[in-house]
Amino acid sequence: KQWYQRRVRGGQVYLLDHSGTIIRQINAHRGAVTCLTIDATGEYIASSSRYDQNLVIKGLYKESSERDSLEVFRQPVYSVELGPEFALAGHYVIGTDRVILNEKGFFGAKRTSLHAGEGPIWTIRWRNSFIAWANDMGVKIYDTGSRKLITERRERGCILNLSDC
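The model shown is predicted, which means the values in this text are computed figures rather than measured ones. (Residues numbered from 1 in each chain as written. Predicted model: local features only at pLDDT ≥ 70, side-chain atom pairs only at ≥ 80, totals over all residues. Heavy atoms only, no water.)

### Quick word on the side chain of Thr 96
Part 1 of the argument: For Thr 96, the location among the structural elements is in the loop between β9 (92-95) and β10 (98-105).
Part 2 of the argument: Within the structure, the side chain of Thr 96 is placed 3.3 Å from the side chain of Asp 97, a separation counted as a polar contact.
Part 3 of the argument: Each residue touching Thr 96, except ones within four places of it in the same chain, is listed here: Gln 75, Pro 76, Val 77, Tyr 78, Gly 119, Pro 120 and Ile 121. (Helix = DSSP H or I, 4+ residues; strand = E, 2+ residues; numbered from the N terminus. Polar contact = N/O pair within 3.5 Å; in protein donor to acceptor, adjacent residues only side chain to side chain. Contact = heavy atoms within 4.5 Å.)

Below, the structure is given as C-alpha cells:
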C-alpha cells in the first residue's frame, strides 16, 4: 500500500490516496502538529506537537500495533524521525531543546541526549547510521555506529530544509 498525501488539521492527521480520498484519520494531538514522518517501510507514522508536548506513533495498516505509542514530554516536541529499522527495532529520535535518541532494548527504553544547549531542534533526518539535525545555529551530523558527533556546519538560515545546507 502507498500513502500519497498526508494532511493535518487541528491536531488530526489525515492520510489520503492519490485522488485525495481520506484513507485514514488519526486523532493525534490537541493542538497543531509540528512534525509528521513515515518510516522507511511505510508501516508507521509519527507526529509531534509543540503545543500538547506529545509524540504519537501509530501503525498505518492496523488499528493497534505493538509499536503504537503516546509519549508525553514536559517540553515542546518540534521534530521527530523514525529510525531506518523502526519496524524491527523501534528506535527513533526527537527534537525538543535537545536531540534525544530513543532506543528500545530487552530491559525497556533507553533515552540518550545527543545534543543540547542551542535552542529548539527544528528538523531531523536519519539515514543509515547517520542522524542529522538543524537548529538556529546550523546543522550537525551524528553517527550511531561510532556514537560520535562527526561534523557540524554553523550556518544560519538552513534550518527548515536540511537539503538546502
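Let us keep going from here.
### Here we look at the packing of aromatic side chains
Part 1 of the argument: Inspection of the entire model under this criterion finds two aromatic pairs.
Part 2 of the argument: Seen from their ring centres, Tyr 44 and Phe 86 are 5.2 Å apart, and the 75° between their planes marks the pair as edge-to-face. Here Tyr 44 is found in strand β5 (residues 44-48), whereas its partner Phe 86 is found in helix α1 (residues 86-89), with 42 residues between them in sequence.
Part 3 of the argument: Here Tyr 78 and Trp 122 contribute two aromatic rings whose centre-to-centre distance is 4.9 Å and whose plane-to-plane angle is 65°, an arrangement assigned as edge-to-face. Taken together, the positions of Tyr 78 in the loop between β7 (69-72) and β8 (79-82) and Trp 122 in strand β12 (residues 121-127) put the pair 44 residues apart, joining distant regions of the chain.
Part 4 of the argument: Classification of Trp 122 by relative accessible area gives partly exposed; the value is 28%. (Phe/Tyr/Trp six-rings, centres within 6.5 Å; stacked < 30°, edge-to-face > 60°. Buried < 20%, exposed > 50% of the residue type's maximum accessible area, 1.4 Å probe, protein only.)

### Brief notes about the sheet that holds strand β4 (residues 35-38)
Part 1 of the argument: One open sheet holds the four strands; their spatial order is β4-β5-β6-β7, and the pairing between them is antiparallel. Because the sheet does not close on itself, it has two edges, and the strands there are β4 and β7. The sheet shows a mean angle of 10° between the axes of neighbouring strands, direction not considered.
Part 2 of the argument: Sheet topology note: the β5/strand β6 (residues 54-59) ladder contains five bridges and is antiparallel. Within β6, the position partnered with Ser 48 by the bridge is Leu 55. (Pairing = 2+ DSSP bridges. Axes fitted to C-alpha atoms, helices over the stretch in contact; angles between N-to-C directions.)

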